[in-house]
Structures are given as C-alpha cells and as structure tokens.
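Take a look at the letters that make up each chain.
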Amino acid sequence: MNPQRPVNTFRTAPPQQPRPKLTQAAPQRERKTERSSFARPRSTRWQRIRQFMREQPLLESVYGFCVRAFLWLFFGSLGYVIVLKYVPVPLTPLVVSRWLDTFGTDESGHVYKKWISYDDVSKEAALAVVSSEDQNFPTHWGFDFDEIKDAIKENQTGKRARGASTISQQVAKNVFLWNGHSYIRKGLEAYFTMLIELIWGKKRILEVYLNVAETGPMTFGVEAASQRYYGHSAATLSRSEAARIAAVLPNPRQFSIKNPSSYIQRRTTQISRQMRYLGGQKYIRNL
C-alpha cells in the first residue's frame, strides 16, 4: 500500500471568513465621532476661559458686574417702554438739554409743553407731520431703507446733508437718548426704535411724537405750539396751520411759525399739497 501523501500546507489557502457587510450605521458613527471631536475643543476652550477667570478674582468681579448691568439695563429699558405705552411722557432729555442751555443767557427758561391725546388732536396735524417727515410711516417697521439708500447716495455726491430718520427713530431719540452723533447712540436708537414699534404701535408712536417734538424755542408738542402761536388748541388746527407747524420741524429754533420766512411759506404750501396727494386724513385712519 502506498502511504498517503502529506498535505501541502504552503499551497493550501486558509479558509476565508465572510466579509462583514457595510451598513449605513458605520458612516453615521464616524460622522458622530467627527462632530464630537469638533465639539470637544469648543467646550474645552470655554472651560479654560472660565477656569482662568475663576483664578483672577478681579476679572471675575468685572465680568459679573457687566452681566448684571446688562440685565438691569435691558429689563429696565423694557419696563420703561411698557410704562410709557400707557402714561404721558413726563420729561425728555431734549427738554432738559434746552432748559440747561438757557443758563447764563438772556433766553427765558420757561418750557411750553402740554400733553394732548391723539384722539383730541386735529388729524390735520397728524397728517401734516407724516407728509413732511415720514410718508411711509403707516407701512414701515421703524426704518425706511429706501430713504436711507437715497440719503447715502445724496450725501456721497456732496449735496446738502439729508436725513433719513423715521418718525419712530425720532421718537426713540427724543424720549430715551441724548443728543449727539456716535455709533453707541445710533445703536441704542435702533434698539429703542424696534422696541416701541413692537410694544407701542403706530398710533401711540405718532401720539408721542406730536407731544414731544420741538416746535419752537422752548416749545414742545403741537398743543403748546398751537396755543402759543395761533391762540387756540391743536384740536382745531386747520390744514394750513398744521402744515406750517410741520414745515419748521427740521430746525424749529431757526425757523418760526409766528413769523414764517419765504422758505417756510413755500414749504407750507408743498406740505399741504402732499397732504392732498396722500388722500387726506384717511391715509392715517387705520394706524
């Protein structure tokens, strides 16, 4: 008998194991791993910052003070805006500034100011200031971006500087802020403009504007201007009278309601024409 030939172990391939099937779970696990790997440095970096601040008592105190101050200012301003939605504005920074300017001069420090509700004021006065200052007031949300673009273009061409502030922005500036031109003040103006648009609504904004706008030397509001220069209440203002009050609003300390210049007379006529073009009082009926 022939002996059995030994098996060649070098040529015989080992039995192959079946390859595991690729599933979608693996890529998902890999993606989760990648996301977690990206997230770890951010959390670790923040922990390091917090740890560093804890090791610096002065820095920790400054940080805590800034956070508390921000919260106090935010909730305080929010509460003040809510209160002024229902009560007359007692005083504005502009009134205080004008009163202080009279110190050391011959100008009288007496302030002419009297609050009148929107329902009692002549709608000709409301329409006049909208026609003159902000014709898109019923439809915009505090900012007229088309007017802003036009103002930027005109100012870049070297023409006379043109403003683009809406009635809402002017109310925010007059009621809550100081006079000046700075990025901080403009940022706060935008903040308060959005707040009053959201909380007050158009009718209340226009009511406040008609009562706090500067209408002459030490004179604020259409009621004070009407009684001082026309001798009667703003409830009975005619279209031409209301248009003349609106005509001096860009610079009420230079222009006069009582003794209008030729420029103010022309501007009064233009505003009256614009009031008719907008359709009269029905333009502001549904504020």
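Residues numbered from 1 in each chain as written. Predicted model: local features only at pLDDT ≥ 70, side-chain atom pairs only at ≥ 80, totals over all residues. Heavy atoms only, no water.

A.B. asks: Tell me about the overall build of the chain, residues and numbers included.
C.D. replies: Across its full length, the chain holds 11 helices and three strands. The N-to-C order of helical and strand elements in the chain reads α-α-α-β-α-α-α-α-α-β-β-α-α-α. The burial tally for the chain puts 35% of its 287 residues in the buried class. When contacts within the chain are restricted to residue pairs at least 6 apart in sequence, long-range pairs at least 24 apart make up 69% of them. Summed over its atoms, the accessible surface of the chain is roughly 19,200 Å², and 57% of this surface lies on carbon and sulfur atoms. (Helix = DSSP H or I, 4+ residues; strand = E, 2+ residues; numbered from the N terminus. Buried < 20%, exposed > 50% of the residue type's maximum accessible area, 1.4 Å probe, protein only. Contact = heavy atoms within 4.5 Å. Areas by Shrake-Rupley, 256 points an atom, 1.4 Å probe, with all protein chains shown as cover.)

A.B. asks: I'd like a rundown of the packing of aromatic side chains, residues and numbers included.
C.D. replies: We describe a pair of aromatic rings using the distance from one ring centre to the other and the angle between the two ring planes. In the structure shown here, the tally under the stated rule is nine aromatic pairs. Seen in terms of ring centroids, W99 and F103 are 4.8 Å apart; in terms of plane orientation they differ by 70°. Their pairing is edge-to-face. Sitting above the plane of the Y112 ring, R228 keeps its charged end 4.0 Å from the centroid. (Phe/Tyr/Trp six-rings, centres within 6.5 Å; stacked < 30°, edge-to-face > 60°. Lys NZ or Arg CZ within 6 Å of the ring centre and 35° of its normal.)

A.B. asks: How would you sum up helix α8 (residues 202-212)? Please name residues and give values.
C.D. replies: Among the 11 residues that make up α8, 10 are buried, leaving the element largely enclosed by the rest of the structure. Every buried residue belonging to α8 is among K202, R204, I205, L206, E207, V208, Y209, L210, N211 and V212, and all of these are buried.

A.B. asks: How would you sum up the sheet that holds strand β2 (residues 214-216)? Please name residues and give values.
C.D. replies: One open sheet holds the three strands; their spatial order is β1-β3-β2, and the pairing between them is mixed. Each edge of the open sheet is held by one strand with a lone partner, namely β1 (112-113) and β2. Strand direction decides the pairing type here: β2 and strand β3 (residues 219-220), joined by two bridges, are antiparallel. Within β3, the position partnered with G216 by the bridge is T219. (Pairing = 2+ DSSP bridges.)

A.B. asks: If you had to explain the environment of L195 to someone new, which residues and values would you point to?
C.D. replies: When you line up the elements, L195 lands in helix α7 (residues 183-199). For L195, a relative accessible area of 10% puts it in the buried group. C-alpha of L195 to C-alpha of G142: the two residues are 53 residues apart in sequence and 9.5 Å apart in space. Those residues in contact with L195 that lie beyond four places of it in its chain are L78, V81 and W200.

A.B. asks: Can you tell me about a nonpolar patch on the surface, naming the residues and giving the values?
C.D. replies: On the surface, a cluster of nonpolar side chains totalling about 780 Å² of accessible area is made up of W46, I49, Y63, V67, F70, L71, F74 and F75. At the level of secondary structure, the elements contributing two or more residues to the nonpolar patch comprise α1 (25-54) and α2 (57-84). Here the nonpolar patch gets six residues from one element, more than from any other, and that element is α2. V67 gets classed as partly exposed once you look at its relative accessible area, which sits at 35%. (Patch = residues over 30% accessible without salt bridge, like charges linked within 9 Å, V, L, I, M, F, W, Y side chains within 5 Å. Salt bridge = Lys/Arg side-chain N within 4 Å of Asp/Glu carboxyl O.)

A.B. asks: Would you mind going over the side chain of T193 in detail, with residue names and values included?
C.D. replies: Along the chain, T193 turns up in helix α7. With relative accessibility at 0%, the residue T193 sits in the buried group.

A.B. asks: Describe the nonpolar core, with residues and values.
C.D. replies: Ranked by internal contacts, the top residues of the largest apolar core, which has 49 residues, are V171, F176, W200 and L206. Among the elements of the structure, α2, α4 (123-133), α6 (167-176), α7, α8, α9 (222-230), α10 (239-247) and α11 (262-277) are those that each provide at least two residues to this core. (Core = buried A, V, L, I, M, F, W, Y, C linked by side-chain atoms within 4.5 Å.)

A.B. asks: Just give me the short version of the pattern of salt bridges, but keep the residues and values in it.
C.D. replies: A side chain with one charge may pair with a side chain of the opposite charge, provided their charged atoms come close. Scanning the model with the defined rule gives eight salt bridges in all. In this structure, E197 and K202 form a salt bridge, with 3.0 Å as the shortest nitrogen-oxygen distance. As far as burial versus exposure is concerned, E197 and K202 are alike and both buried. For the salt bridge of R204 with E207, the shortest nitrogen-to-oxygen distance reads 2.6 Å. Separated by three residues within a single helix, R204 and E207 lie in helix α8, roughly one turn from each other. With respect to burial, R204 and E207 carry one shared label: buried. Among the charged side chains, a network of salt bridges with common partners joins R185, K186 and E189.

A.B. asks: Run through the side chain of T215, naming residues and quoting values.
C.D. replies: As for its position among the elements, T215 is in strand β2. A distance of 3.2 Å separates a polar side-chain atom of T215 from the backbone oxygen of G221. In contact with T215, other than residues within four places in its own chain, are F220, G221, V222, A225, Y229, I245, V248, L249, P252 and I257. (Polar contact = N/O pair within 3.5 Å; in protein donor to acceptor, adjacent residues only side chain to side chain.)

A.B. asks: How would you summarise the packing of α2 against α7 if you had to cite specific residues and measurements?
C.D. replies: Between α2 and α7, the shortest axis-to-axis distance is 10 Å and the interhelical angle comes to 45°. Taken together, the axes of α2 and α7 lie oblique to each other. In terms of crossing hand, the pair formed by α2 and α7 is right-handed. Where α2 approaches α7, its residues F74, S77, L78, V81 and I82 are matched on the opposing element by Y191, F192, L195, I196 and I199. Residue composition of the contact of α2 with α7, grouped by class: nine nonpolar, one polar and no charged. (Axes fitted to C-alpha atoms, helices over the stretch in contact; angles between N-to-C directions. Parallel < 35°, antiparallel > 145°, perpendicular 65-115°, else oblique. Left-handed = near helix turned anticlockwise from the far one by under 90°. Nonpolar A, V, L, I, M, F, W, Y, C, P; charged D, E, K, R; others polar.)

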